[in-house]
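Secondary and tertiary structure notes
One letter stands for each residue in the lines below.
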Amino acid sequence: MSKHAFWHALVFTLIVFSLGLLLGFFIEFKQSERVYFELVDSELNILDEQLRQRIISDSNISCELAKESLFSFADKIYTDAVDLEDSDATGKLTDLTVLHRRYDLLRTLLLLEAQNLKERCKGDFHIVSYLYYYNVDDVEISSKQNYFSRQLFDLKSIHPKEVILIPIAIDTKVASVDIFVKSLGNNTYPSIIINGDKVISNFVTLQELEDIVFNVENSDD
Amino acid sequence: MLNFIELVFYVYLFIALYMTSLLVFIWVPNRKNLFSYPFGKAVPVSIIMPCYNDSGTVAHALDSLLNLRYPKEMIEIIVVDDKSNDNSVEIVRKYVEKYSGRIKLIVHSKNSGGAASPTNTGIKAANYDFIAVTDSDSTPEADALIKMIGFLQGNEKVAAVTCAVMAKGADTFMQKLQMIEYSIISWSRKLLDCVDAVYVTPGPFALYRKSKLIEVGLFDTKNLTQDIEIVWRLKSYGYIARMCLSARVYSETPKKFKQWWKQRIRWNIGGLQCILKYKSFIFRNGMLGGFIIPFFSFSLLLGLFGLGLFIYLLIKRTIIEILVTKYSIYGGTTLLRLQDLNLNPTILNFFGLVLFIWAFIFVLIGLSIMDMRGRKETNVFNILYYLLIYLSIYPIIMITSIYKYVTGNIKW
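So, a few notes on the structure that sits alongside this text. Counting restarts for each chain, with residues numbered from 1 along the sequence as it is written. Labels follow written order: the first chain is A, the first ligand is 1, and so on. Residue-level local features of this predicted model are given only where pLDDT is at least 70; pairs of side-chain atoms are given and counted only at 80 or more, and the full residue set underlies all totals for whole chains, interfaces and linings. The side-chain numbers reported here are obtained from all heavy atoms of the structure, hydrogens and water having been left aside.

Here's the deal with the overall build of chain A
The criterion, for reference: In this description a helix means any DSSP run of H or I spanning at least four residues, a strand means any run of E spanning at least two, and both kinds are numbered starting from the N terminus. Burial classes: relative accessible area under 20% of the type maximum marks a residue as buried, over 50% as exposed, and values in between as partly exposed (1.4 Å probe, protein chains only). Areas reported here follow the Shrake-Rupley algorithm with a probe of radius 1.4 Å; residue values treat only the protein chains shown as occluding.
Scanning chain A from N- to C-terminus turns up six helices and four strands. When the helices and strands of chain A are placed in sequence order, the string is α-α-α-β-α-β-α-β-β-α. In chain A, which comprises 221 residues, the proportion classed as buried is 48%. With an accessible surface of roughly 11,100 Å², chain A has 57% of that area assigned to carbon and sulfur atoms.

A look at helix α6 (residues 173–193) of chain B
Condition: Helix span, expected: 1.5 Å multiplied by one less than the number of residues in the helix.
Counted at 1.5 Å a residue, the expected span for α6(B) with its 21 residues is 30 Å, and the 30 Å between its end C-alpha atoms agrees. For α6(B), the tally of buried residues reaches 18 of 21 residues, placing the bulk of the element in the interior.

Considerations on unusual backbone geometry
The peptide bond linking Tyr189(A) to Pro190(A) adopts the cis configuration, its omega dihedral lying at 5°. With respect to the secondary-structure elements, Pro190(A) resides in the loop between α5 (175–184) and β3 (191–194). Positioned with a positive phi, Asp371(B) is a non-glycine residue whose angle comes to about 65°. Tracing the chain through its elements places Asp371(B) in the loop between α11 (347–369) and α12 (380–390). Exposure remark for Asp371(B): the relative accessible area of 62% places this residue in the exposed category.

Observations regarding the packing of aromatic side chains
Selection rule: For Phe, Tyr and Trp, rings pair up if their centres lie within 6.5 Å, where Trp contributes its six-membered ring, and each pair is then called stacked (planes under 30 degrees apart), edge-to-face (over 60) or tilted (otherwise). Lysine and arginine charges are scored as sitting over a ring when NZ or CZ, respectively, is within 6 Å of the ring centre and within 35 degrees of the ring normal.
The tally for this structure, following the rule as stated, stands at 33 aromatic pairs over all chains. For the pair Trp27(B) and Trp187(B), a centre-to-centre distance of 6.0 Å together with 85° between the ring planes defines the contact as edge-to-face. Placement of the pair is Trp27(B) in helix α1 (residues 4–30) and Trp187(B) in helix α6, with a sequence separation of 160 residues. For the pair shown, Trp27(B) and Trp187(B) are each scored as buried. A cation sits over an aromatic face here: Lys118(A) above Phe125(A), 5.6 Å from the ring centre. The ring of Phe203(A) is capped by Lys144(A), whose NZ or CZ atom sits 5.7 Å from the centre of that ring.

Examining the interface of chain B and chain A
Applied cut-off: For this analysis, residues touch if any pair of their heavy atoms sits within 4.5 Å. Two parts lose some accessible area (1.4 Å probe) when they are put together, and adding that loss for both gives the buried area. Salt bridge, as used here: a side-chain nitrogen of Lys or Arg that lies within 4 Å of a carboxyl oxygen of Asp or Glu. As used in this structure description, the phrase polar contact means that two N or O atoms lie within 3.5 Å; if the pair is within protein, one of them must be able to donate a hydrogen and the other to accept it, and residues adjacent in sequence are counted only when both atoms belong to side chains. Gly falls in the polar group here, along with every residue not listed as nonpolar (Ala, Val, Leu, Ile, Met, Phe, Trp, Tyr, Cys, Pro) or charged (Asp, Glu, Lys, Arg).
Every contact between the two is made by 46 residues of chain B and, on the other side, 46 residues of chain A. Across the chain B/chain A interface, buried area totals approximately 4,100 Å², and carbon plus sulfur atoms make up 69% of it. Run the count over chain B and chain A and you get zero salt bridges. Remark: the boundary between chain B and chain A carries two residue pairs in polar contact (both at pLDDT 80 or more). Contributions of two or more residues to the side of chain B that touches chain A are made by α1, α10 (286–331) and α11 of chain B. Considered class by class, the residues forming the side of chain B that touches chain A number 29 nonpolar, eleven polar and six charged.

Some points on a nonpolar patch on the surface
Cut-off, in case you're wondering: Like charges are joined within 9 Å and nonpolar side chains (Val, Leu, Ile, Met, Phe, Trp, Tyr) within 5 Å, but only among residues with over 30% relative accessible area and no salt bridge; these make up the patches.
A surface patch of nonpolar side chains, amounting to about 420 Å² of accessible area, comprises Leu23(A), Phe26(A), Ile27(A), Phe350(B) and Val354(B). For the nonpolar patch, the elements supplying multiple residues, two or more each, are α1 (5–59) of chain A together with α11 of chain B. A total of three residues in the nonpolar patch trace back to one element, the largest contributor, which is α1(A). Residue placement: Leu23(A) occurs in helix α1.

Things to note about the pattern of salt bridges
Taken as a whole and judged by the stated rule, the model has 17 salt bridges over all chains. Where Asp104(A) meets Arg107(A), a salt bridge forms, and the shortest distance between an N and an O atom there is 2.8 Å. In this pair, Asp104(A) and Arg107(A) are both assigned in helix α3 (residues 97–121), three residues apart and thus about one turn of the helix distant. Accessibility classification places Asp104(A) together with Arg107(A) in one group, the buried group. Here Arg242(B) makes a salt bridge to Asp193(B), at a shortest N to O gap of 2.7 Å. In this pair, Arg242(B) sits in strand β8 (residues 240–251) while Asp193(B) sits in helix α6, placing the two residues 49 residues apart along the sequence. Note on Arg242(B): relative accessible area 23%, which makes it partly exposed.

Given below as structure tokens:
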């Protein structure tokens, strides 16, 4: 009788499983390494941007140049974030929360820079920040976030040079983000903040969103 | 990072990998002896054939018994009709007249609702010490009996012997899938025989010691799978069930989904009845408590839990997609983005793929050993369908069986 087969099979399974997990760790580590390099590159860019802002404000360089570099940086961060989300979705063994937090910090810095530039240069662009939950189990909130995400993507696609899109997760426990969120005085999330003052938490159509974004600027005039 | 659901998937993957590896580890050292059988001396055998509305197949079944390569004077065939309302009795009577002395017919005055009662009637009427039980739609190969009898003669503890049950013909797609299934089951059952874990002596053709059947109280008439229950009972008494892979019996398989579904519900209810009846034996000494009952029980629990989890995830995903689509249509936004189609595989996908390939190889090996490879019924498409779709239905069968059992809807 081959009753030792039970133990042999257990040992074999443990070995194969462990090798599989190790391979998984290795593959995910390689993937997160790539995302990490993107993050470091983005962090360098934000420092670069901050320095540029100081140079611009000190030496009267055109707002157009400043706006161009800000948009380019914001678009890069947005693409990096999409990459990070994809890695997060496929990663089952490595924790990318730290990378998420760093990106949220970066985007908060970007938001402040954008607000400074808009104020200083009377910028003809609109800052659309999107505050969402990173960890969500609720089906309704998840669907709403999904919808907002698509809507803002469409808005950005239609107005690439007029809208700067900054999504920020509000539950990754970054202190500065927590303070910024509290300062808004808004309790309903996900929500879209337009130019730092208009808050949208309910469903609106794309057209309505466009009207709100561009009319807000008009009403300020 | 891993969440609870992903962790559950890992556990399932581990168990699936373990079970298939176990069978391979049993197969490898025993592969040269799988088809061997102990030399048996022909001794008198009573063959019991319960019959109910089998006018289409009973004649063929009787012919195959009459053609067994076994001394004719050492076989008596007892057909027990369970109050058929077709002309099964008339057909059998013709055989009784032609082969008087070799074939007997007993007719029940009312239908018992199962195979156990007519089988018990036949056993009580049997003259000989060895009992073979067969179905009235099954045809054993000519050398099946002589190959099986040796198992009962070498070891007094051996109380039952089964053989390879193969699907008879494959006219419909459903039957082709069952042809694959029966081949793999037969091979797997022989592997379980190598570790004394045979858990059933299927009705199409099985051999028993009459004295042991009487000792344990004959077949359970309340159980829908009396062929599983009798083996568990024999094992609970300390007896052994063996399997002879080189002996084959061909059995009719359901042609259509509805018949197949009904059959599998019955098998599952019977399995459930057995688990509940023998639950006190779990984890006790011997392979019944050490492997068979835990295997059945955990398969049931894992199947139910897995189905529940699958339904939960499916419903959650479906609700999210419906809501997002509804909002997107309302909002005039893009319905589907390239980004939404995340085709990057996860480590779970990788493990799943490895397991699937492993299972596919396992099926190919099994079909090859059972000499079923290369047939048009067992082509690659059918094997893939069997692995991906056919087997996935089982948890639904399980839950339906549990519902029927709990609501008392227990019938053949």
